[in-house]
Amino acid sequence: MASQALVSFLFAFDIVITTVRCNSEGDVLSSWKATLVDPNNVLQSWDPTLVNPCNWFHVTCNSKNSVTRVDLGNAGLHGPLVPQLGNLTNLQYLEVFENNITGSIPDEIGHLTSLVSLDLYNNKLSGPIPATLGNLKSLRFMNVANNSLAGTVHSTNSTGYAVTTIIQDPRAQKF
């Protein structure tokens, strides 16, 4: 009887651990959602109780249920980008253009080494463009125009930064 209870406990514990592990990307996106004002309810399907965010609108996953794309362009969102976005290790496309995204680009975006496209144009971002973006060896397209960002983005450097197209606000201050 005791062994049966132990087996049941271990099975339940394993399910909890697996669920927590699978939902870490959902936790990242939920934490971001909590900082955003969403007047058009585009994030309504972002339910943190689901095992993963692959069924959420505006989120695309690969065959391993890992987030590869977040498409929130022209969604009417207000608020910041959060550092936790840097934990979406398989993210390839971050499309958050034409919103009212404020604050700075978190350094942690530079941890997204699978990122192919970063579209942040027509927002209200400010501050320096993080040097950590030089870590993004897969990056092919980045548009940060029409913000108040300072600095320049270099298409090649010693880290192997492989951007083919960069669109930056021509009014950006250079360091």
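It should be emphasised that the depicted structure is a prediction, and the values quoted were computed from it without experimental measurement. (Residues numbered from 1 in each chain as written. Predicted model: local features only at pLDDT ≥ 70, side-chain atom pairs only at ≥ 80, totals over all residues. Heavy atoms only, no water.)

## Some thoughts on unusual backbone geometry
Step number 1: Positive phi, normally seen in glycine, also occurs at Asn 122, with a value near 55°.
Step number 2: Looking at the secondary structure, you find Asn 122 in the loop between β6 (117-119) and β7 (124-128). (Helix = DSSP H or I, 4+ residues; strand = E, 2+ residues; numbered from the N terminus.)

## Quick look at the nonpolar core
Step number 1: Within the largest apolar cluster, 38 residues are counted, with the highest numbers of intra-cluster contacts made by Leu 29, Trp 32, Trp 46, Val 70, Leu 85 and Leu 118.
Step number 2: Mapped by element, the contributors of at least two residues to this core are α2 (24-33), β1 (59-61) and β2 (67-71).
Step number 3: Other than its neighbours up to four places away in sequence, Val 70 contacts Leu 29, Trp 32, Trp 46, His 58, Leu 91, Tyr 93, Leu 94 and Glu 95. (Core = buried A, V, L, I, M, F, W, Y, C linked by side-chain atoms within 4.5 Å. Buried < 20%, exposed > 50% of the residue type's maximum accessible area, 1.4 Å probe, protein only. Contact = heavy atoms within 4.5 Å.)

## As for the confidence of the model for the chain
Step number 1: Across the chain, pLDDT averages 84, with 74% of residues at or above 70.
Step number 2: Counted against residues more than four places away or in other chains, residues 12-21, with its pLDDT under 50, gives one contact. (pLDDT = per-residue confidence, 0-100.)

## A word on the pattern of salt bridges
Step number 1: Enumeration over the complete set of coordinates arrives at one salt bridge.
Step number 2: For Arg 69, the salt bridge goes to Asp 71, with nearest N and O atoms at 2.7 Å.
Step number 3: A residue is classified by how much of its surface remains accessible, and Asp 71, at 24% relative accessible area, is partly exposed. (Salt bridge = Lys/Arg side-chain N within 4 Å of Asp/Glu carboxyl O.)

## Some remarks on the sheet that holds strand β3 (residues 78-80)
Step number 1: Within the open sheet, the four strands sit side by side as β3-β5-β7-β9. Their pairing is parallel. Each of the sheet's edge strands pairs with one partner strand only, and the pair in question is β3 and β9 (148-150). Across the sheet, the mean angle from the axis of one strand to that of its neighbour is 25°, orientation sign disregarded.
Step number 2: Direction of pairing for strand β5 (residues 100-103) relative to β7: parallel, over a ladder of two bridges. Residue pairing for β7: Thr 102 is matched across the bridge by Lys 124. (Pairing = 2+ DSSP bridges. Axes fitted to C-alpha atoms, helices over the stretch in contact; angles between N-to-C directions.)

## Quick word on the pairing of β2
Step number 1: Looking at chain direction, β1 and β2 are connected through three bridges and run antiparallel. Note that in β2 the partner of Cys 61 across the bridge is Val 67.
Step number 2: Count of turn residues in the β1/β2 antiparallel hairpin: five residues, of which Asn 65 carries a positive phi of about 60°.
Step number 3: Here β2 runs beside strand β4 (residues 93-95); their pairing, made up of three bridges, is parallel. Its bridge partner being in β4, Val 70 is matched across the sheet by Leu 94.

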